[in-house]
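As a plain string of letters, each chain reads:
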Amino acid sequence: QVQLVESGGGLVQAGGSLRLSCAASGSIFSIGAMRWYRQAPGKQRELAAEITTSGSTNYANSVKGRFTISRDNAKKTVYLQMNSLKPEDTAVYFCNGLVNLATYWGQGTQVTVSS
């Protein structure tokens, strides 16, 4: 059974940094595009960043220049480096990916940015 497990969330002051990790486990023969979504209280889930198998990246305008998505294919892990965090970045962050030609979601990790 394939699983995506996020880690690295927590409480940080505005201006600080966090690095989220999403590790894929199980019997895996292919990993395609990977994405980080986030959902703030009372708001819809939104795409924050994505990375293709070739390493091309795309970011939401709200995080561009502050967040960096990367992947380590050997470790089956995708990362989200978040710098210059703002209170409006507070949300549950979810990993999403195409693994073995099917879409999977992680359980989410809470990021809270205090002002």
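Residues numbered from 1 in each chain as written. Predicted model: local features only at pLDDT ≥ 70, side-chain atom pairs only at ≥ 80, totals over all residues. Heavy atoms only, no water.

Would you mind showing me how to read the side chain of asparagine 96 here?
Here asparagine 96 shows up in strand S9 (residues 91–99). Those residues within four positions of asparagine 96 in sequence are excluded, and the remaining contacts are Leu4, Ala33, Met34, Arg35, Tyr37, Thr103, Tyr104 and Trp105. (Helix = DSSP H or I, 4+ residues; strand = E, 2+ residues; numbered from the N terminus. Contact = heavy atoms within 4.5 Å.)

Can you walk me through the pattern of salt bridges in this structure?
Oppositely charged side chains may form a pair once their charged atoms are brought near each other. Enumeration according to the criterion identifies 4 salt bridges in this entry. Residues arginine 35 and glutamate 50 are paired through a salt bridge, measuring 2.9 Å at the closest nitrogen-oxygen approach. Here glutamate 50 lies in strand S5 (residues 46–51) and arginine 35 lies in strand S4 (residues 31–39), a separation of 15 residues in the sequence. A salt bridge links aspartate 89 to arginine 66; the nearest nitrogen and oxygen atoms lie 2.7 Å apart. Within this pair, whereas aspartate 89 is found in the loop between strand S8 (77–82) and S9, its partner arginine 66 is found in the loop between strand S6 (57–59) and strand S7 (67–72), the two being separated by 23 residues in sequence. A relative accessible area of 1% places aspartate 89 in the buried class. Judged by relative accessible area, which is 11%, arginine 66 ranks as buried. Through salt bridges that share partners, Arg38, Glu46, Arg66 and Asp89 make up one connected network. (Salt bridge = Lys/Arg side-chain N within 4 Å of Asp/Glu carboxyl O. Buried < 20%, exposed > 50% of the residue type's maximum accessible area, 1.4 Å probe, protein only.)

These values are about where atoms sit, not about what they do.
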